[in-house]
Amino acid sequence: QVQLVESGGGLVQSGGSLGLSCAASGSLFSLYDMSWYRQVPGKQRDWVARFTRAGSINYVDSVKGRFTISRDNAKKMVYLQMNGLKPEDTAVYYCNARGFQSAYDYWGQGTQVTVSS
């Protein structure tokens, strides 16, 4: 029902900035809570930021003040602006759509973000 495609990953120096984008399919985008997760190979996938359908925004403590999540329902897009990047931010970043009391849970393929020290 929903397909997600991330873009914008790449290599950046410590302290630099990078913006990620997630393009969604479907006509019910506005009804989903949209989130960003990240995962290092061999480790668990961790939640990073969430922008709910009601407009609530939350971040994991480690990125507060540095990352900004936004969404454009008309364009069916969600974004993650990352500033002040640190090497520990290095991971594959995934876009997630969750809706209808978590009955539906969709993931993109991920985009690699590498922060060099």
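Scroll up to find the structure.
All figures in this text were calculated on a predicted structure; none of them were measured in a lab.

Caption draft 1: Representation of a nonpolar patch on the surface within the structure. Among the surface-exposed residues, L28, L31, F100 and Y104 lie close enough to one another that they form a single nonpolar patch of about 310 Å² accessible area. Counting through the fold element by element, L31 comes out in the loop between β3 (18–24) and β4 (33–39). For L31, a relative accessible area of 32% translates into the label partly exposed.

Caption draft 2: Representation of the packing of aromatic side chains. Within the structure shown, the criterion is met by five aromatic pairs. Between Y32 and F100, the aromatic rings sit 5.7 Å apart at their centres with planes inclined by 85°, giving edge-to-face as the arrangement. Taken together, the residues span a long stretch of sequence, with Y32 in the loop between β3 and β4 and F100 in the loop between β9 (91–99) and β10 (104–107) at a distance of 68 residues. Judged by its relative accessible area of 2%, Y32 is buried. Relative to Y106, the ring of Y104 has its centre 6.4 Å away and its plane inclined at 10°; by these criteria the two rings are stacked. When its relative accessible area of 36% is taken as the criterion, Y104 is described as partly exposed.

Caption draft 3: Broad picture of unusual backbone geometry. Residues other than glycine seldom take positive phi values, yet Q101 does so here, at roughly 55°. The topology assignment puts Q101 in the loop between β9 and β10. Accessibility expressed as a relative area gives 73% for Q101, which makes it exposed. In this structure, S102 is a non-glycine residue whose phi angle is positive, near 65°. Following the sequence through the fold, S102 ends up in the loop between β9 and β10.

Caption draft 4: The arrangement of the environment of Y106 in detail. By the secondary structure assignment, Y106 is in strand β10. A residue is classified by how much of its surface remains accessible, and Y106, at 16% relative accessible area, is buried. Along the backbone, Y106 and A49 are 57 residues apart, and their C-alpha atoms lie at a distance of 15 Å. Leaving out residues up to four positions away in the same chain, Y106 has contacts with Q1, V2, L4, Y32, C95, N96 and A97.

Rules and cut-offs
- Residues numbered from 1 in each chain as written.
- Predicted model: local features only at pLDDT ≥ 70, side-chain atom pairs only at ≥ 80, totals over all residues.
- Heavy atoms only, no water.
- Patch = residues over 30% accessible without salt bridge, like charges linked within 9 Å, V, L, I, M, F, W, Y side chains within 5 Å.
- Areas by Shrake-Rupley, 256 points an atom, 1.4 Å probe, with all protein chains shown as cover.
- Salt bridge = Lys/Arg side-chain N within 4 Å of Asp/Glu carboxyl O.
- Helix = DSSP H or I, 4+ residues; strand = E, 2+ residues; numbered from the N terminus.
- Buried < 20%, exposed > 50% of the residue type's maximum accessible area, 1.4 Å probe, protein only.
- Phe/Tyr/Trp six-rings, centres within 6.5 Å; stacked < 30°, edge-to-face > 60°.
- Contact = heavy atoms within 4.5 Å.

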